[in-house]
Amino acid sequence: MKRAKTRPCPSCGDGLRRGVQNETLTYRGQSLTYQQPGWYCGACGDGILEGADNEVHDAALHELMARVKGSPISPLMIRAAREAVGVSQREAGKLFGGGPTAFYKYETAKAVPSEGMANLLRLALKRPELFRKQVRGGSSWPSAQDAELLRKAIRNDELNAIVRRVYPQTASR
Ligand SMILES: [Zn+2]
């Protein structure tokens, strides 16, 4: 869809044009300055935000709120981790824990995740494949993926000897 280049300013009748302006939000004494896209009037300085513009505004507000509330991880990082794994907010509450509304609350800064959850989400950003459903399951237990993780992680000969006896299929090749 092609957008009109100008639209009438509701305040002065002049033309609004697409642009970006620095906007400063303040929440409980802390502030965040970000770049707000929108329709802006060169004559009176008024502006209008539409769909995607509001998303930028809301994201900036949630980042600021999470920071003020002492969140160990940013809401945008949480969303990025969830999307990297490819799950809905509801599914993420099951996969990572926290319940069906946890991720909605984390991503809108209505609640702050624990340090443990934040670390888990950082791991998901680095290694999203570990959290994808199709990786799990299969008939062997531990799964082939888990056996590989175990092989790479064990640095202790005694533990290695035990694991090799209990799960011969996980032994180093
Ligand atoms: Zn105007």
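Residues numbered from 1 in each chain as written. Predicted model: local features only at pLDDT ≥ 70, side-chain atom pairs only at ≥ 80, totals over all residues.

Draft legend 1. Spotlight on the overall build of the protein chain. In terms of regular secondary structure, the protein chain is built from seven helices and four strands. Helices and strands appear in the protein chain in the N-to-C order β-β-β-β-α-α-α-α-α-α-α. Compactness check: the protein chain gives a C-alpha radius of gyration of 24 Å against a globular reference of 16 Å for 173 residues, more than 25% above the reference. Over its C-alpha atoms, taken along the principal directions, the protein chain stretches across nearly 80 × 40 × 25 Å. With 173 residues in all, the protein chain has 17% of them scored as buried. Nonlocal contacts in the protein chain, meaning residues at least 24 apart in sequence, comprise 48% of its contacts between residues at least 6 apart. (Helix = DSSP H or I, 4+ residues; strand = E, 2+ residues; numbered from the N terminus. Rg over C-alpha atoms; globule rule 2.2 N^0.38 Å. Buried ≥ 20, exposed ≤ 12 C-beta atoms within 10 Å, placed from the backbone. Contact = placed C-beta atoms within 7 Å.)

Draft legend 2. Quick look at the packing of helix H2 (residues 75-85) against helix H5 (residues 115-126). The contact between H2 and H5 brings their axes to 8 Å, and the two run at 50 degrees. When the interaxial angle is binned, H2 and H5 end up oblique. Where H2 crosses over H5, the handedness of that crossing is left-handed. Every residue of H5 that contacts H2 at Met77, Ile78, Ala80, Ala81, Ala84 and Val85 is listed here: Leu121, Ala124 and Leu125. Each residue belonging to the contact of H2 with H5 can be placed in one class, and the counts come to nine nonpolar, no polar and no charged. (Axes fitted to C-alpha atoms, helices over the stretch in contact; angles between N-to-C directions. Parallel < 35°, antiparallel > 145°, perpendicular 65-115°, else oblique. Left-handed = near helix turned anticlockwise from the far one by under 90°. Nonpolar A, V, L, I, M, F, W, Y, C, P; charged D, E, K, R; others polar.)

Draft legend 3. Structural view of the domain arrangement of the protein chain. Along its sequence, the protein chain is organised into domain 1 (6-68), domain 2 (75-134) and domain 3 (138-170). Between the C-alpha centres of domain 2 and domain 3 there is a distance of 28 Å. (Domains from an automatic or database assignment.)

Draft legend 4. View of the environment of alanine 60. Along the chain, the position of alanine 60 falls in helix H1 (residues 51-68). C-beta crowding within 10 Å serves as the criterion here: with 19 such atoms nearby, alanine 60 is assigned to the partly exposed category. Taking C-alpha positions, alanine 60 is 9.2 Å from glutamine 35, a pair spaced 25 residues apart along the chain. What alanine 60 contacts, discounting residues up to four positions off in sequence, is Leu25, Leu32 and Tyr34.

Draft legend 5. Geometry of the nonpolar core. Of all hydrophobic cores here, the largest spans 13 residues; its most connected members are Ile78, Ala81, Val85, Phe103, Leu121 and Ala124. Only H2, helix H4 (102-107) and H5 provide two or more residues apiece to this core. Leaving out residues up to four positions away in the same chain, phenylalanine 103 has contacts with Ile78, Arg82, Gln89, Ala92, Gly93 and Gly98. (Core = buried A, V, L, I, M, F, W, Y, C linked by C-beta atoms within 7 Å.)

Draft legend 6. Highlighting the sheet that holds strand E4 (residues 47-48). A sheet is described by the order of its strands in space; here four strands give the open sequence E1-E2-E3-E4, paired in antiparallel fashion. The open sheet has two free edges, formed respectively by strand E1 (6-8) and E4, since each of these has just one partner strand. Across the face of the sheet, H1 comes into contact with strand E2 (15-27) and strand E3 (30-41) while running at roughly 175 degrees to E3. (Pairing = 2+ DSSP bridges.)

Draft legend 7. View of the pairing of E2. Here three bridges tie E1 to E2, and the two strands are oriented antiparallel to one another. The residue of E2 that forms the bridge with threonine 6 is arginine 17. Counted along the chain from E1 to the antiparallel partner E2, the turn is six residues long, and its residue glycine 13 has a positive phi close to 85 degrees. By the bridge criterion, twelve bridges tie E2 to E3 in an arrangement that is antiparallel. By the bridge assignment, threonine 24 is partnered in E3 with threonine 33. Linkage of E2 to E3, two consecutive antiparallel strands, is achieved through a turn of two residues, within which arginine 28 is found at a positive phi near 45 degrees.

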